[in-house]
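# Structure assessment
Residue-level listing of the chains:
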Amino acid sequence: MEHEQGSTVSDPTTSDTPASDAVPHDAAAHESALEGGSIGGAVVGAAVGGVIGAAVWAGISHFLSIELGWIAVGVGFLSGLGAATAAKSKAGPATGVVAALIAIASIFAGKYASAALELSAYSASFESPQFPESGAWQDDDQTQFHMAFSLVLDREATGAAPANVGGFDVWETESLDDFPADVVAQVESSWASIDEDEREAAGERAASYQYRSSTADEIAFGREAAGETLNWPAGMTYDEAYRFEHYPQDTRDAVNAQWATMDRAEQARTLNTYNQAMADRANASCRARGT
């Protein structure tokens, strides 16, 4: 068969474009897909390792009350191991970067979880004392502790610090034994000089002290907000008042008169309601700080 002059017929077998030129393009696409898969697997693997490491960090820090630097190394190791295991033979620099980033995030997550556990335990410690409608509201130790606490504050208010003060801080005391020896001696002497009825009355005054102080605060605040001029004790203002004795005498008289109108059962219910509200407020504040 003859062809017209100047025309040519391409022969696929003699094409100028080598067939092998198409292969690198397909191989690169395949390699790119594999690399993408390896990174995805590395993310999952590193995340699993990081979660395990963060949980271990939080558990040790919370339950043993210690923070060890090598735990952070362990978190990094678990993240890297998870990434390498998931990526298998395709692990490379990219998977290493992924593991490092997730390890850092896991360390911060572990510290946050530890703090959250501590805060949860702390807030759970705010429990409301419940007083019976009949029977003693406080035992002798609690009443004597309150007596010692009040004695120290009275001394500090007059500029007379307790003897043997050292590093003593009244706000860090938890029992009578935490107070200076002269304070303990004075409380024990006062306690020995009163009978059982007086001791029970002292316990009731101690148990209701915070409620009466809070009520005095509310009354004083309302009166000042209404424009009244209050007769504060010398050197005292509303902003500085926090003890029952800090409030004006007529305010304290009003609180005591209100308290006296209630029978003992009603007083107990009033205190229980107040204490529960204070505990709920403290727990809510702790939860808010933890978010």
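## Structural notes on the overall build of the protein
Helix and strand content of the protein: eight helices and zero strands. A buried classification covers 32% of the 291 residues belonging to the protein. In the protein, of all internal contacts separated by at least 6 residues, the share reaching a separation of at least 24 is 71%. Working note: accessible area of the protein is about 18,000 Å², and carbon and sulfur atoms make up 57% of it.

## A few points about helix 5 (residues 181-192)
Along an α-helix, residues three or four apart share an orientation, since each turn contains 3.6 residues. Taking 1.5 Å per residue as the helical rise, helix 5 with its twelve residues ought to reach 16 Å, and the 16 Å between its terminal C-alpha atoms agrees with that figure. For helix 5, every residue scored as buried is listed here: Val183, Val184, Val187 and Trp191. Buried residues along helix 5 cover an arc of 100 degrees about the axis, so they all sit on one side. The exposed residues of helix 5 that point more than 90 degrees off its buried face are Ala181 and Ala192.

## Examining the packing of aromatic side chains
By the definition in use, this model includes twelve aromatic pairs. Between Phe131 and Trp137, the aromatic rings sit 5.7 Å apart at their centres with planes inclined by 35 degrees, giving tilted as the arrangement. Accessibility classification places Phe131 together with Trp137 in one group, the buried group. Consider the rings of Trp232 and Tyr238, whose centres lie 6.4 Å apart with planes at 70 degrees: the pair is edge-to-face. Grouping aromatic residues by their ring pairs yields a cluster made of Phe131, Trp137, Tyr211, Trp259 and Tyr274. The side chain of Arg212 reaches across the aromatic face of Phe244, ending 4.9 Å from its centre.

## Concerning a nonpolar patch on the surface
On the surface, Val44, Val48, Ile52 and Val56 cluster together to form a nonpolar patch covering roughly 340 Å² of accessible area. If you trace the backbone, Val48 turns up in helix 1 (residues 22-63). Overall, Val48 belongs to the partly exposed group, its relative accessible area being 48%.

## Some remarks on the layout of surface pockets
Taken as a whole, the second largest pocket spans an internal volume of roughly 180 Å³. Lining of the second largest pocket is provided by 13 residues; of these, His146, Met147, Ala202, Arg205 and Ala206 occupy positions nearest its centre. For the lining of the second largest pocket, the element with the highest residue contribution is helix 6 (residues 196-225), accounting for six residues. Residue composition of the lining of the second largest pocket, grouped by class: six nonpolar, three polar and four charged.

## Some remarks on the confidence of the model for the protein
Per-residue pLDDT for the protein averages 77, and the proportion of residues at 70 or more is 69%. Taking the mean pLDDT of every element in the protein, the minimum, 63, falls on helix 1 and the maximum, 95, on helix 7 (residues 249-260). Predicted confidence is poor over residues 1-10, with pLDDT under 50, and the contacts of this stretch with residues over four places away or in other chains come to one contact. Under a pLDDT of 50 for its full length, residues 27-37 has, in the predicted model, two contacts with residues more than four places off or in other chains.

## Describing the pattern of salt bridges
A side chain of one charge can pair with a side chain of the opposite charge when the charged atoms of the two come close. Evaluated as defined, the whole model comprises eight salt bridges. Here Arg243 ties to Asp154 by a salt bridge, and the two come within 3.0 Å at their closest N and O atoms. Here Arg243, found in the loop between helix 6 and helix 7, pairs with Asp154, found in helix 4 (residues 140-157); they are 89 residues apart in sequence, far enough to count as distant. Residue Arg243 is classed as buried on the basis of its relative accessible area, which comes to 6%. Judged by relative accessible area, which is 38%, Asp154 ranks as partly exposed.

Cut-offs applied
Residues numbered from 1 in each chain as written. Predicted model: local features only at pLDDT ≥ 70, side-chain atom pairs only at ≥ 80, totals over all residues. Heavy atoms only, no water. Helix = DSSP H or I, 4+ residues; strand = E, 2+ residues; numbered from the N terminus. Buried < 20%, exposed > 50% of the residue type's maximum accessible area, 1.4 Å probe, protein only. Contact = heavy atoms within 4.5 Å. Areas by Shrake-Rupley, 256 points an atom, 1.4 Å probe, with all protein chains shown as cover. Expected span 1.5 Å × (residues − 1). Arc of directions from axis to C-beta. Phe/Tyr/Trp six-rings, centres within 6.5 Å; stacked < 30°, edge-to-face > 60°. Lys NZ or Arg CZ within 6 Å of the ring centre and 35° of its normal. Patch = residues over 30% accessible without salt bridge, like charges linked within 9 Å, V, L, I, M, F, W, Y side chains within 5 Å. Salt bridge = Lys/Arg side-chain N within 4 Å of Asp/Glu carboxyl O. 1 Å grid on protein atoms, 1.4 Å probe; cavity = no way out; pocket = protein on both sides within 12 Å on 5 of 7 lines; lining within 4 Å. Points joined across faces, edges and corners; volume = space filled by probe spheres on them. Nonpolar A, V, L, I, M, F, W, Y, C, P; charged D, E, K, R; others polar. pLDDT = per-residue confidence, 0-100.

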